[in-house]
Amino acid sequence: MPEAPMDTKRTQKPDGRKARTRAAITDAASQLFAEHGFERTTIEQIADAADVSVGSVYVHFGSKERLQLVITSEAMDLNDRLIEKAQEAESPLQRVFGVGDAYLQFALEHPVGFRFVAMRPVEPGDQRVINEAERLITERLGRIILSIAADLQQAMDIGELRQEPLEDAMTFLWGAWSGVAALMLRPDSLAIDADRARRALDLAKRVLTAGMQPDPRG
């Protein structure tokens, strides 16, 4: 006999509960990591904040390092979506600048993920998971950097910017974006707000454009 609709619904419910439980755990962990740091946050604190058992955290993620890896992967997904939207611009220079704005937005929307991606400290833990996280971050950031470099080179090739060593220009841009975003996340009086961060990146755009202004004489 075919299954009744009620049975089908019952088989779908655990998946929904599982997704909600995982989301509750990652949300709680992200908040605690932001407040106390990865090393000082315990599985017990995460379980209490998520209103689940300690065993449930281990069932869904296996370890705190694995939970960090999931949060990092989800953060990189957000970063990819923001950057893909920025890269819809027609001008290669505007695509480059758009990626900088997207990277700042990534830091604002997912500060814990940004810390794991751009400011990850070397802490003890499961080395296999740590290596996996390193590979994830390196591969996905590497693709973004290659895309930025291609747009920056095109901007120079079509005369939007003067020809300069690509590596130097990339170092300036990546350093500016990462440094400004990191300043927003400082836990002390040296932290800057989002408006100041955006103004700083706007200044970096003007400095880059003026400093690499094409020579009208060719």
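Scroll up a little and you will see the structure.
Read on for a plain summary of the structure.

About the thresholds
Within every chain, residues take consecutive numbers counted from 1 along the sequence as written. Reporting of local features is limited, given that this is a predicted model, to residues whose pLDDT is at least 70; pairs of side-chain atoms are given and counted only at 80 or more, and all residues count toward the totals for whole chains, interfaces and linings. Calculation of side-chain values draws on the structure's entire complement of heavy atoms; hydrogens and water are dropped beforehand. The term salt bridge refers to a side-chain nitrogen of Lys or Arg lying within 4 Å of a carboxyl oxygen of Asp or Glu. Runs of H or I in DSSP of at least four residues are treated as helices and runs of E of at least two as strands, each being numbered from the N terminus. Partly exposed describes any residue whose relative accessible area lies between the buried limit of under 20% and the exposed limit of over 50%, with all areas from a 1.4 Å probe on protein chains only and scaled to the type maximum.

## Observations concerning the pattern of salt bridges
All told, the structure shown has eight salt bridges when counted by the stated rule. Between aspartate 80 and arginine 140 there is a salt bridge; the shortest N-O distance is 2.5 Å. Taken together, the residues aspartate 80 in helix α4 (residues 64-86) and arginine 140 in helix α7 (residues 127-157) connect sequence positions 60 residues apart. For aspartate 80, a relative accessible area of 18% corresponds to the buried category. With a relative accessible area of 11%, arginine 140 lands in the buried category. Of the charged contacts, one joins lysine 205 and aspartate 202 as a salt bridge, the two residues approaching to 3.5 Å between their closest N and O atoms. A residue pair is termed a helical-turn pair when its members lie 3 or 4 positions apart in one helix, as lysine 205 and aspartate 202 do in helix α9 (residues 194-211) at three residues. Residue aspartate 202 is classed as partly exposed on the basis of its relative accessible area, which comes to 34%. Several salt bridges converge on common partners, so that one network encompasses Asp77, Asp80 and Arg140.

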